[in-house]
Amino acid sequence: MRKIVTFTTTFIVTGVLLTLQVSAQSTSQPNANPGSATPQQVDNTFEGRFWQYLTASTFRYDEWAPFAGRSDELYKGQSPHGAFVRVFANKMARQNSKQPPYGSILIKENYGADGKTLMAITVMYRTRGQNGQPWDPENRDWYYVKYTPSGQVASSPPEMGSKRLAGRVQSCIDCHSGAGGKDFVYLNDDLK
Ligand code: HEC
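Bear in mind that the values here come from a model prediction, so they are computed numbers and not experimental data.

What counts and what doesn't
- Residues numbered from 1 in each chain as written.
- Predicted model: local features only at pLDDT ≥ 70, side-chain atom pairs only at ≥ 80, totals over all residues.
- Heavy atoms only, no water.
- Near = heavy atom within 4 Å.
- Polar contact = N/O pair within 3.5 Å; in protein donor to acceptor, adjacent residues only side chain to side chain.
- 1 Å grid on protein atoms, 1.4 Å probe; cavity = no way out; pocket = protein on both sides within 12 Å on 5 of 7 lines; lining within 4 Å.
- Sits in = over half its atoms within 2 Å of the grid points.
- Helix = DSSP H or I, 4+ residues; strand = E, 2+ residues; numbered from the N terminus.
- Nonpolar A, V, L, I, M, F, W, Y, C, P; charged D, E, K, R; others polar.
- Donors = N, O, S within 2.8 Å, 3.2 Å for Na, K, Ca; no water.
- Buried < 20%, exposed > 50% of the residue type's maximum accessible area, 1.4 Å probe, protein only.
- Points joined across faces, edges and corners; volume = space filled by probe spheres on them.
- Salt bridge = Lys/Arg side-chain N within 4 Å of Asp/Glu carboxyl O.

**A closer look at the site of the ligand**
Here is step 1 of the chain: Near the ligand there are 20 residues, and of these H81, C172, C175, H176 and L187 occur at the shortest range.
Here is step 2 of the chain: Contacts to the ligand include Y75, whose side-chain N or O atom sits 2.7 Å from an oxygen atom.
Here is step 3 of the chain: The contact in question runs from an oxygen atom of the ligand to an N or O atom on the backbone of Y186, over 2.9 Å.
Here is step 4 of the chain: Most atoms of the ligand, that is more than half of them, are within 2 Å of grid points of the largest pocket.
Here is step 5 of the chain: Looking at the shell around the ligand, the elements with two or more residues in it are β3 (105–111), β4 (118–126), β5 (142–147) and α5 (170–176).
Here is step 6 of the chain: Residue contributions to the shell around the ligand peak at 4 residues, all from α5.
Here is step 7 of the chain: In terms of residue class, the shell around the ligand is made up of 13 nonpolar, 5 polar and 2 charged.

**Let's talk about the environment of T127**
Here is step 1 of the chain: Locating T127 in the fold gives a position in the loop between β4 and β5.
Here is step 2 of the chain: Between the alpha carbons of T127 and G103 there is a distance of 5.8 Å; along the sequence they are 24 residues apart.
Here is step 3 of the chain: Looking at T127, its side chain comes within polar contact range of the main-chain nitrogen of G129, at 3.1 Å.

**Description of the coordination of the iron atom of the ligand**
Here is step 1 of the chain: Within the first shell, the iron atom of the ligand binds the protein through H81 (NE2) and H176 (NE2), at distances of 1.9 to 2.1 Å.
Here is step 2 of the chain: The buried category is assigned to H176, whose relative accessible area is 13%.

**A short note on the environment of C172**
Here is step 1 of the chain: Relative to the helices and strands, C172 is located in helix α5.
Here is step 2 of the chain: Separated by 30 residues in the primary sequence, C172 and W142 place their C-alpha atoms 9.9 Å from one another.

**Quick notes on the layout of surface pockets**
Here is step 1 of the chain: Roughly 850 Å³ of internal volume is contained in the largest pocket.
Here is step 2 of the chain: The set of elements that each furnish at least two residues to the lining of the largest pocket consists of β1 (75–76), β2 (84–89), β3, β4, β5 and α5.
Here is step 3 of the chain: Looking at side-chain class alone, the lining of the largest pocket contains 21 nonpolar, 11 polar and 3 charged residues.

**Comments concerning the pattern of salt bridges**
Here is step 1 of the chain: Summed over the entire model, instances satisfying the criterion amount to 4 salt bridges.
Here is step 2 of the chain: Its salt-bridge partner being D62, residue R60 comes within 2.7 Å of it at the nearest N-O pair.
Here is step 3 of the chain: Residue R60 is classed as partly exposed on the basis of its relative accessible area, which comes to 33%.
Here is step 4 of the chain: Taking the relative accessible area as the measure of exposure, D62 reaches 31% and is therefore partly exposed.
Here is step 5 of the chain: Look at the salt bridges and you will find they share partners, linking R60, D62 and E63 into a network.

Just distances and angles here, no functional claims.
Below you can see the structure in the form of structure tokens.
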């Protein structure tokens, strides 16, 4: 019982976080004092709060279970993901791996060729959007973010415009649109 209560609360928290992000986008207010304090202190963006949510000691993602029949071992990845990867999913996603419902969070840890060095954490979160505004219905409503191991939002390489990799990230969408079942999720393609 206690477990269920905890889950519901944290899920609502995620919904609230998204509200913050959408409103921040529509007013597009610049950060009051960028660079004046450590990112951990000032990162009040959705991505910053989402990272805190995912790594909070009570609910850390790396204690979630694997996704779509995978084990929690590292396995060989493919570009642009790490040489070795590991995937975690929240309870919502695991309840229906074939068709991850709204509220699903999928997390991929991307490791280097040594199979030890964590290079990036790539996340997909399926959201309905807020205030009657859908998030991205044409692309199955996935929100994407790529974090560095310390929880900063990663940027695309300079030749690709040094873009902040969070939100409706076109490069993620373009490739994930090729997933079977048109659900933008690859790992469940071979599930029955
Ligand atoms: C060029 C293609 C490509 C791009 C670009 C790409 N991915 Fe992926 N992604 C894949 C493939 C293929 C898999 C499944 C591979 C595996 O682990 O077996 C995958 C798996 C994932 C998964 C696990 C869920 C799933 O779909 O299976 C997440 C989470 C993820 N990617 C996030 C991202 C994010 C965030 C971005 C953008 C920053 C991104 N990906 C960009 C190809 C891509």
